[in-house]
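Understanding the architecture of this molecule
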Number of protein chains: 2
Amino acid sequence: MAQYNKLTADVVEKLKAIAPNRVFVGEDINEDYIHDEMPIYGKFSPEAVVEAVSTEEIAEVMKVCNENLIPVIPRGAGTGLAGGAVAIEGGVILCTTRMNKIISYDMENLSVTVQPGVLLQNLADDAASKGLLYPPDPGEKFATLGGNVSTNAGGMRAVKYGCTRDYVRAMTVVLPTGEIVNFGSNVKKTSTGYSLLNLMIGSEGTLGIITELTLKLVPAPKEVISLIVPFEDLNACIGAVPKVLLSGLNPQALEFMEKDIVRMSENYLDKKEVFPRVIDGVEAGAYLLISFDGDSMDELEEISEKASEILFEEGAIDILVADTPELKKNAWAARGSFLEAIQADTTELDECDVVVPISNIASYLEYVNSLQDKYGVRIRSFGHAGDGNLHIYVCRDELGQEEWEEKCKAAMDDMYAEADRIGGLVSGEHGIGHAKQEYLEKCVGPVEIEIMKNIKKVFDPNLILNPGKVCYKL
Amino acid sequence: MAQYNKLTADVVEKLKAIAPNRVFVGEDINEDYIHDEMPIYGKFSPEAVVEAVSTEEIAEVMKVCNENLIPVIPRGAGTGLAGGAVAIEGGVILCTTRMNKIISYDMENLSVTVQPGVLLQNLADDAASKGLLYPPDPGEKFATLGGNVSTNAGGMRAVKYGCTRDYVRAMTVVLPTGEIVNFGSNVKKTSTGYSLLNLMIGSEGTLGIITELTLKLVPAPKEVISLIVPFEDLNACIGAVPKVLLSGLNPQALEFMEKDIVRMSENYLDKKEVFPRVIDGVEAGAYLLISFDGDSMDELEEISEKASEILFEEGAIDILVADTPELKKNAWAARGSFLEAIQADTTELDECDVVVPISNIASYLEYVNSLQDKYGVRIRSFGHAGDGNLHIYVCRDELGQEEWEEKCKAAMDDMYAEADRIGGLVSGEHGIGHAKQEYLEKCVGPVEIEIMKNIKKVFDPNLILNPGKVCYKL
């Protein structure tokens, strides 16, 4: 295993010479840097934080730390949910949030070049003002694009537009040795050697530090329409999904939600008018929230008619067309606040972010729900019906520490084992960090883990970059 | 550098025990196995050919060859254009064309599982009969899907649907050590450790042998329409492309062709009615061939009207709508036979398959054409205007061997250097093989090549699999 040194006054001086006034140590370190957005995975104090402003600066910091065997943890906005950007071995957090410039658009090649610290929301807004869409749309809009690329972030629109991976054309990377390289190019296809670009995407800051990105954009669709579709129960709700996907109507987003979580979110937001509860005497047990985009309302109305036909055939008990900005906003606001609503409703929670074949969503959730009785814990879930990525939360409620840890671990073990059994994978979009390493190992097996570890060593012989994450356990 | 052993009678016996009646040596080796479809890159005799029928068999062959330090060259239909599937170090060609079963469709997850030796055309036809489309559409329809994945094959529809990479969900792989692994899963998104799946795609059989593939399908669009659009010259023709792409009309295919190559192809096919030569006294110097797909002819007529408006504004001198099957077939048959037409028109040729930012296509081609005078060679080109992938051919015509080699090399050196200068990459879709290694090195530089070599060693410590290809030169 790797041996690391503690940060010395001498090294701190070197870092300060590289990044004047942007090196923080001791009490000057902002408390936010010691955790991400899943506090259950622990708090870890870095020895220093460097708020970098350029590729060259990051290369210099990396060289000094590599020579002195000091861990470096790249970090964006710290919105991760798997403990990927925390200093579990101490060392230097290298924060990229000051590198927040949208450098340039290329309207002929439909691309944008950005620094890694640009926030998703800022790029989305800016691109929209130019008639363009940056399709990846994770729930967390204040993540950095560097972070999004590092976890191959997915989001609501993945069903139509794919994930972050599909929008990365090129990147500048500082390697753990301090060398600066460029992977990919602003071209639309390539077969030019091993795709190091794709290897970097989703590697959670363990292979190199992304310091610039060239991202693909698409012309923005002019109109979007959403359908709110209640079903009697989850089985009917999920059962309708393959039919919608096979129809060729090409929904932009396709989310499912059980009534409990909808009610929780309505209470949290204090908005109770969006999702109908009882229709002609039948109580809604689950909902689909579907969006379609297109170039005219005529086109969308036609699509929405065809979709309604299919959905009614599949057992929908009603269909509400959210065609006003207000109704659309409220429906998606409810969806957007599920995690916060669950958090507000319990004392502590742990999360599972598996992805399963969409044909198995319903039976998998039935299994997950059965664990509530098995372990006497409350479990809530929602997810992307269009792509099989589920977000499942085990709630602590009033459990004592020991009992909570035991029950939560047992439920998680079961959930990951079952996902594995039905062809699912550990993480759909949040990544492995240090929190999901055990499940990654079980899921991919020893041969694949060994390949990953050896690839890590190719990039990072001293195991200096983001130690103890993804494939390398401490 | 690696040391290999010659195949002994003892090892041949072991192979015959693994694959009875499907091991060929000496004069029993079919002549086709000594080259791919670019004879200029040389002929190389393997010491044996094994026509495998299962994953397990391939694993056994691989183990025996790895233990005995005998090179193994995975090969599909041998339609490559970069010398990727030839035995430059001797050894065993492991042919997968007998593994040609379409194993099963999964209509809920919209995917198909196939053996690697299934031909692209066979999957395309079979999927179509089920109302589904496998979007990747390289010109060569008789390549195997294993080969397509190994080069991340692109094709005509890449502009709308992306490349082969975007359609691979999972694969079974035999590693050079003989271990069998599964990369990916039948899910629509993942952030589960390093993407070994994406590393395999485009690795040209140097990291492992693909023995099964799960591929994504999409609902087949019901209608397709093509436009034949003559322009006065290439600059105007290429200049119109970004406008079409920015329009949001989302063409399925967008090809450019200069008049010389169109005439060549018309002569080759003996069909002279498709591409108009003179319109209202103006001679056409170049053409766009554009396709749109959709669910009804009404929709497509609307799209084609909007496209026509843009194209006329950009200087199109006419627009022919190919809306009959006959006309569509003839237009695309002309496009599909460009390579054969060029081959038929000269004695020998060499190919360059660069991809450049689409904004640079016109100026790059102007540069390429200027090399005809500089070196006194004839150069012909065509390509994917929608994605910047160009196919450029230097023709030998009547040049003597030495002069031909010298001039061709000089022209190629210039072309790759210029592509590199403007942000292009060595190969858009044909790969590196052993023929383009020098240009790969120049394009990506020493640090990246070293990373690729070290990744190769992670998978293949004895450098036994497809030696001397992609990053490892002999």
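Each remark here, short or long, concerns the structure printed above.
Residue numbers run consecutively from 1 along every chain, following the written order of its sequence. Here every chain gets a letter starting at A, and every ligand a number starting at 1, in the order they are written. pLDDT decides what is reported in this predicted model: residues at 70 or higher carry local features, side-chain atom pairs at 80 or more are listed and counted, and totals for whole chains, interfaces and linings draw on all residues regardless. Hydrogen atoms and water are omitted, and side-chain values are computed over all heavy atoms in the structure.

1. Here we look at the interface of chain A and chain B
Threshold: Contact criterion: two residues are considered in contact whenever any of their non-hydrogen atoms come within 4.5 Å of each other. Buried area: the accessible surface (1.4 Å probe) lost by two parts on joining, summed over both. Here, a salt bridge means any Lys or Arg side-chain nitrogen found within 4 Å of an Asp or Glu carboxyl oxygen. A 3.5 Å cut-off defines polar contacts: any pair of N or O atoms within that distance qualifies, except that in protein one atom must be a possible hydrogen donor and the other a possible acceptor, and neighbouring residues in sequence count only when both atoms are side-chain atoms. Segments assigned H or I by DSSP are reported as helices when at least four residues long, segments assigned E as strands when at least two residues long, and all are numbered from the N terminus. In the scheme used here, Gly and all other residues not listed as nonpolar or charged are polar, with Ala, Val, Leu, Ile, Met, Phe, Trp, Tyr, Cys and Pro taken as nonpolar and Asp, Glu, Lys and Arg as charged.
Each side of the interface is counted separately: chain A has 75 residues, and chain B has 75 residues. Where chain A abuts chain B, roughly 6,000 Å² becomes buried across the two surfaces, and 63% of that area is made up of carbon and sulfur atoms. Looking only at chain A, the three residues that lose the most surface to chain B are A:Lys189, A:Ser191 and A:Tyr194, adding up to 16% of its buried area. Where chain A touches chain B, the interface holds four salt bridges. In this structure, B:Asp387 engages A:Lys189 in a salt bridge whose closest nitrogen and oxygen atoms are separated by 3.0 Å. Where chain A touches chain B, the interface holds 24 residue pairs in polar contact (both at pLDDT 80 or more). Elements with a contribution of two residues or more to the side of chain A that touches chain B: helix H5 (158-161), strand E9 (180-184), helix H6 (196-200), helix H8 (241-246) and helix H15 (437-459) of chain A. When residues in the side of chain A that touches chain B are grouped by element, the largest group, ten residues, is from H15(A). Within the side of chain A that touches chain B, the residues separate by chemical class into 34 nonpolar, 29 polar and twelve charged.

2. Digging into the relation of the copies chain A and chain B
Mapping one chain copy onto the other needs a rotation about an axis and a shift along that axis. Basically, it comes down to this: Superposing copies: least-squares fit, C-alpha atoms only, residues required to have pLDDT of at least 70 in both.
Each copy superposes on the other: chain A lies on chain B with an RMSD of 0.0 Å after a rotation of 180 degrees and an axial shift of 0.0 Å. Both chain copies can therefore be described as sitting about a two-fold axis.

3. Quick look at the environment of B:Leu474
Residues and elements named next belong to chain B. One can find Leu474 in the segment after helix H15 (437-459). Separated by 40 residues in sequence, Leu474 and His434 have C-alpha atoms that sit 9.1 Å apart. Every residue in contact with Leu474, bar those within four places of it in the chain, is listed here: Ile88, Glu89, Pro467 and Gly468.

4. Focus: empty space enclosed by the protein
Rolled over the atoms, a probe sized like a water molecule indicates the empty space that remains. All names here are of chain A. The condition is simple: We place a 1 Å grid over just the protein atoms. Points where a 1.4 Å probe fits but has no way out form a cavity, open points with protein on both sides within 12 Å along at least 5 of 7 lines form a pocket, and any residue with an atom within 4 Å of a point lines it. Grid points are joined across faces, edges and corners, and a volume is the space filled by probe spheres set on the points.
Counted by the stated rule, this structure contains four cavities of 30 Å³ or more. In this model, the largest cavity occupies a volume close to 50 Å³. Contributing to the lining of the largest cavity are Ser265, Glu266, Leu269, Lys271, Val274, Phe275, Asn330, Ala333 and Ala334. Elements with a minimum of two residues in the lining of the largest cavity: helix H9 (259-269) and helix H11 (325-336).

5. Describing the state of the cysteines
Residue and element names in this part refer to chain B. To be explicit about the condition: The disulfide criterion is simple: two cysteine sulfur atoms within 2.5 Å. Three labels apply to residues, based on accessible area from a 1.4 Å probe with only protein chains included: buried if under 20% of the type maximum, exposed if over 50%, partly exposed otherwise in between.
Summed over the entire model, instances satisfying the criterion amount to zero disulfides over all chains. Lacking any disulfide linkage, Cys95 is separated from the closest cysteine sulfur, that of Cys65, by 15 Å. Here Cys95 falls in the buried class, since its relative accessible area comes to 1%. No disulfide involves Cys352; its nearest neighbouring cysteine sulfur is the one of Cys408, lying 10 Å away. A relative accessible area of 0% places Cys352 in the buried class.

6. What about helix H1 (residues 9-18) of chain A?
Residue and element names in this part refer to chain A. Rules: By arc we mean the arc of the directions from the helix axis to the C-beta atoms, nothing more.
Restricting attention to buried positions, one finds in H1 the residues Val11, Val12, Leu15 and Ile18. On an axial view of H1, the arc spanned by its buried residues comes to 115 degrees, and they lie on one face. Those residues of H1 that are exposed and angled more than 90 degrees off the buried face are Ala9 and Ala17. Where H1 is buried, its residues meet strand E1 (23-25), strand E2 (48-51), helix H2 (55-67) and strand E4 (92-95).

7. Side note on the packing of aromatic side chains
All names here are of chain A. As a reminder, the rule being used: Aromatic rings from Phe, Tyr and Trp, with only the six-membered ring used for Trp, were paired whenever their centres fell within 6.5 Å, and each pair was classed as stacked if the ring planes differed by under 30 degrees, edge-to-face if by over 60, and tilted otherwise.
Applying the stated criterion across every chain yields a total of ten aromatic pairs over all chains. Measuring from ring centre to ring centre gives 5.2 Å for Phe275 and Tyr287, while their planes differ by 75 degrees; the resulting arrangement is edge-to-face. Here Tyr287 lies in strand E16 (residues 286-294) and Phe275 lies in the loop between H9 and strand E14 (278-279), a separation of twelve residues in the sequence. You can call Phe275 buried: its relative accessible area is 1%. Judged by relative accessible area, which is 0%, Tyr287 ranks as buried. Between Phe382 and Tyr393, the aromatic rings sit 5.8 Å apart at their centres with planes inclined by 20 degrees, giving stacked as the arrangement. Placement of Phe382 in strand E19 (residues 378-384) and of Tyr393 in strand E20 (residues 389-395) is noted, with a sequence separation of eleven residues between them. Side by side, Phe382 and Tyr393 carry an identical accessibility label, which is buried. One aromatic cluster is present, formed by Phe338, Phe382 and Tyr393 through successive ring pairs.

8. Describing the pattern of salt bridges
Under the counting rule described, the total for this entry stands at 56 salt bridges over all chains. A salt bridge links A:Glu266 to A:Arg263; the shortest N-O distance between them is 2.9 Å. Here A:Glu266 and its partner A:Arg263 are both found in helix H9, three residues apart, which amounts to about one turn of the helix. A relative accessible area of 2% places A:Glu266 in the buried class. Using a relative accessible area of 15% as the deciding quantity, one classes A:Arg263 as buried. Between B:Glu348 and B:Arg396 there is a salt bridge; the shortest N-O distance is 2.7 Å.

9. With respect to the sheet that holds strand E19 (residues 378-384) of chain B
Residue and element names in this part refer to chain B. To be explicit about the condition: A strand pair is defined by DSSP finding two or more bridges across the two strands. Throughout, an axis means a line fitted to C-alpha atoms (over the contacting stretch in the case of helices), and angles, computed between N-to-C directions, take values from 0 to 180 degrees.
The antiparallel open sheet is built from seven strands, whose spatial order is E17-E12-E16-E13-E19-E20-E18. Pairing within the sheet leaves two strands with one partner each, and these edge strands are strand E17 (320-322) and strand E18 (349-352). Adjacent strand axes in the sheet meet at a mean angle of 20 degrees when their direction is disregarded. The pairing of E18 with strand E20 (residues 389-395) spans four bridges and is antiparallel. By the bridge assignment for E20, Asp350 is matched with Val394. This element, helix H11 (residues 325-336), spans strand E12 (223-231), strand E13 (253-258), strand E16 (286-294), E17 and E19 of the sheet and lies at about 60 degrees to E12. Contacting E13, E19 and E20, helix H13 (residues 361-375) runs over the sheet at an angle of about 160 degrees to E19.

10. Considerations on the nonpolar core
Defined as follows: Definition used in this section: a nonpolar core is a set of buried Ala, Val, Leu, Ile, Met, Phe, Trp, Tyr and Cys residues joined via side-chain atoms within 4.5 Å.
Core analysis: the largest hydrophobic core is formed by 262 residues, its most contacted members being A:Met171, A:Leu288, A:Leu311, A:Tyr364, B:Met171, B:Leu288 and B:Leu311. In contact with B:Leu288, not counting residues within four places along its chain, are B:Leu227, B:Ile228, B:Val229, B:Phe231, B:Cys237, B:Ala240, B:Val241, B:Leu254, B:Glu255, B:Phe256, B:Leu311 and B:Ala385.

11. Describing unusual backbone geometry
Residue and element names in this part refer to chain B. At Asn21, a position not held by glycine, the phi torsion is positive, near 70 degrees. With respect to the element layout, Asn21 can be found in the loop between helix H1 (9-18) and strand E1 (23-25). Look at Asn21 and you get exposed, because its relative accessible area is 72%. Despite not being glycine, Leu110 shows a phi value in the positive range, around 50 degrees. Topologically, Leu110 is positioned in the loop between strand E5 (102-106) and strand E6 (111-114). Look at Leu110 and you get buried, because its relative accessible area is 10%.

Read these as spatial facts, not as claims about activity.
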